[in-house]
Amino acid sequence: MKTKIKNFFSKLFKNKVFWICFAIVFLGLIITWCILAPGSGASKIVSVGDAMARFIGLFLLLALGLALGRVTIKGISFGSAGVFLVALGIGAAFASVPTDTPWIGRFVLIEKDIEIYGDVLENFGLILFASAVGFIAGPTFFRSFKSNAKSFITMGISVTVVGILLTALIGLIPDIGPFYASGIFSGAITSTPALAAANEIASKVTITVGGVSMQASSLVTIGYAVTYPLGVLGVVLFIQLMPRILKADMSMERGRLIVSALKSEMHAEKAEEEKQRLDLDKTYFEVDSYGLTPFAIAVFCGLLLGSITIPLTPDGYNGSCFSLGTTGGCLLSCITFAHFGHVGKMSFKVPENVNKTFREFGLIVFLAGIGIVGGYNLVLYGSQGAVTGLMIALGIGLGVIITVVPMIGGYFMGKYLFKLPLLNNLGAITGSMTSTPALGALISMAKTDDVATAYASAFPIATILTAIGMNFYLSLLA
């Protein structure tokens, strides 16, 4: 009898249905207790403080945004940028909700919240993102210059410079201006570092648009918001349509790509063997196995480097000045530390999985912060007449030009100047445009990961140039 009872309860406790029912009943009892308790009410049952409300909203936003980014339609998805789109919508929606709305009013955005999202979230996410990108690119960055300078690197530089020059021309249009133009550029080439660099400079400047005084960073964010979706779509469509327009034989192109990849792999293996031979007798001290200490030290140095300000005119610090800022400083610092790999006997290597985690988490936190601020400002300044339909239409049209013209120029450069195979050419273009969704579409179309080599070669220089280029451009005008 005892054995039967013991077996019964043993099976019962292992049954998932039992535990689900138990959890439902237990939760029902707690809710009933809360409802029947003296002085009960909705505001009492669910008590959310200001800080907790922001955290609840932030993590719900991240979950919804990442879920949206996973939605794929004909090979096109927004990825991490889904967080930006959701944040934009939430920022606009909660800017319009009355503060006295029961419970949900706790989440309504007020000026204090915008400062928190604009300063804390944006900067924290930006630091993690830029630093992780630097550590990922560092080990191969300078070697890539040596082996690919004549093709992929030159394409990355050329495509980026053409985009920046177009931005400078667009910025001369009276209804656009440099700050709105920099946002259009960042969205059109889907460059988060460019957006971050432009936003950092613009946040220190106050301008008047349509009789309304605002922070210049608001225009940067709005410009990014109106052009980013088309920027993603434009690069993906270009990558997918070019082989069809050229009527390319994809089997032959794939074969040419594999031959090129095998040659690069042989050179890489020789370089790795030489490196291992030189480091064979060296052991370096690791402070922690996750690489958090070297990461923190590199970020510290990057923030100091980014804070150095250099006058650009005879007026000294009363005139235009330049600084690398958070983005440029952290990028260059972390690239340098990652390249050398150690300082004395101390290892400065950060595991790849840690870098990728910091990169993705930093990116979505940054996009969440800037998206919320952008949505809020779009509603605020739109209602005041500072942001008009004409401005938005101009932004979209000019953004398409900035997306398409550099890609066409880059394609002809790769084909006729460097004689690149089609898939390598398209891979270099995706890296030059810093478009991860387009790389995903290209891999799916080419049915091989080898196209990522060209992307990886062009991406780091394009990432750094877009950030420093926007910083320098706005520093001259701010």
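Just above, that's the structure.
Our subject in this report is the structure included herewith.

Conventions used here
Residues numbered from 1 in each chain as written. Predicted model: local features only at pLDDT ≥ 70, side-chain atom pairs only at ≥ 80, totals over all residues. Heavy atoms only, no water. Patch = residues over 30% accessible without salt bridge, like charges linked within 9 Å, V, L, I, M, F, W, Y side chains within 5 Å. Areas by Shrake-Rupley, 256 points an atom, 1.4 Å probe, with all protein chains shown as cover. Salt bridge = Lys/Arg side-chain N within 4 Å of Asp/Glu carboxyl O. Helix = DSSP H or I, 4+ residues; strand = E, 2+ residues; numbered from the N terminus. Buried < 20%, exposed > 50% of the residue type's maximum accessible area, 1.4 Å probe, protein only. Contact = heavy atoms within 4.5 Å. Expected span 1.5 Å × (residues − 1). Phe/Tyr/Trp six-rings, centres within 6.5 Å; stacked < 30°, edge-to-face > 60°. Axes fitted to C-alpha atoms, helices over the stretch in contact; angles between N-to-C directions. Left-handed = near helix turned anticlockwise from the far one by under 90°. Nonpolar A, V, L, I, M, F, W, Y, C, P; charged D, E, K, R; others polar.

### Describing a nonpolar patch on the surface
Taken together, Leu230, Leu233, Leu237, Leu241, Ile245, Leu246, Ile396, Val400, Val404, Ile408, Phe412 and Tyr416 make up a surface patch of nonpolar side chains, about 970 Å² in accessible area. Counting residues per element, the ones that place at least two in the nonpolar patch are helix 9 (216-245) and helix 14 (389-417). The element that contributes the greatest number of residues to the nonpolar patch is helix 14, accounting for 6 residues. By the element assignment, Tyr416 lies in helix 14.

### Looking at the environment of Phe84
Position of Phe84 relative to the elements: it lies in helix 5 (residues 81-94). By relative accessible area, which is 1% here, Phe84 ends up buried. C-alpha of Phe84 to C-alpha of Tyr228: the two residues are 144 residues apart in sequence and 9.7 Å apart in space. If near-sequence neighbours (up to four positions away) are discounted, Phe84 is found in contact with Tyr224, Ala225, Leu367, Ile370 and Gly371.

### Overview of unusual backbone geometry
In this model, Lys419 sits at a positive phi of 55 degrees, which is unusual for a non-glycine residue. With respect to the element layout, Lys419 can be found in the loop between helix 14 and helix 15 (422-432). Taking relative accessible area as the criterion, Lys419 reaches 58% and is therefore assigned exposed.

### Some words on helix 7 (residues 177-188)
Its 12 residues give helix 7 an end-to-end C-alpha distance of 16 Å, which sits within 8% of 16 Å, the value for a rise of 1.5 Å per residue. With 11 of 12 residues buried, helix 7 lies mostly within the body of the structure. Along helix 7, the residues that are buried comprise Gly177, Phe179, Tyr180, Ala181, Ser182, Gly183, Ile184, Phe185, Ser186, Gly187 and Ala188.

### Considerations on the packing of aromatic side chains
Scanning all chains against the criterion turns up 5 aromatic pairs. Between the aromatic rings of Tyr411 and Phe412, the centroid separation amounts to 5.5 Å while the plane-to-plane angle is 70 degrees, which identifies the pairing as edge-to-face. Since its relative accessible area comes to 5%, Tyr411 is described here as buried. Judged by relative accessible area, Phe412 falls into the partly exposed class, the value being 43%. With centroids separated by 5.9 Å and ring planes inclined at 10 degrees, the aromatic side chains of Phe412 and Tyr416 adopt a geometry described as stacked. Note that Phe412 and Tyr416 are positioned in helix 14 at a spacing of 4 residues, about one turn of the helix. By relative accessible area, Tyr416 is classed as partly exposed at 49%. An aromatic cluster is present here, built from Phe135, Phe295 and Phe358 joined pairwise through their rings.

### A few points about the packing of helix 5 against helix 13 (residues 352-383)
A pair of packed helices is captured by two measures, namely the crossing angle of their axes and the spacing between those axes. Contact geometry of helix 5 with helix 13 gives a least axis separation of 7 Å together with a crossing angle of 35 degrees. Judged by the twist between their axes, the crossing of helix 5 over helix 13 is right-handed. For the pair formed by helix 5 and helix 13, the contact residues are Ala81, Val83, Phe84, Ala87, Leu88, Gly91 and Ala92 on the first element and Ile364, Leu367, Ala368, Ile370, Gly371, Ile372, Gly374, Gly375, Tyr376 and Val379 on the second. Its residues assigned to classes, the contact of helix 5 with helix 13 comprises 13 nonpolar, 4 polar and no charged.

### Details of the pattern of salt bridges
It is possible for side chains of opposite charge to pair when their charged atoms get near one another. If you walk through the whole model with that rule in mind, you get 2 salt bridges. Across the pair Glu352 and Lys356 runs a salt bridge whose closest N-O atoms are separated by 3.1 Å. Of this pair, Glu352 and Lys356 both sit in helix 13, 4 residues apart, which is roughly one turn of the helix. The exposure class of Glu352 is exposed, given its relative accessible area of 54%. Note that Glu360 and Arg359 form a salt bridge whose closest N and O atoms lie 3.2 Å from each other.

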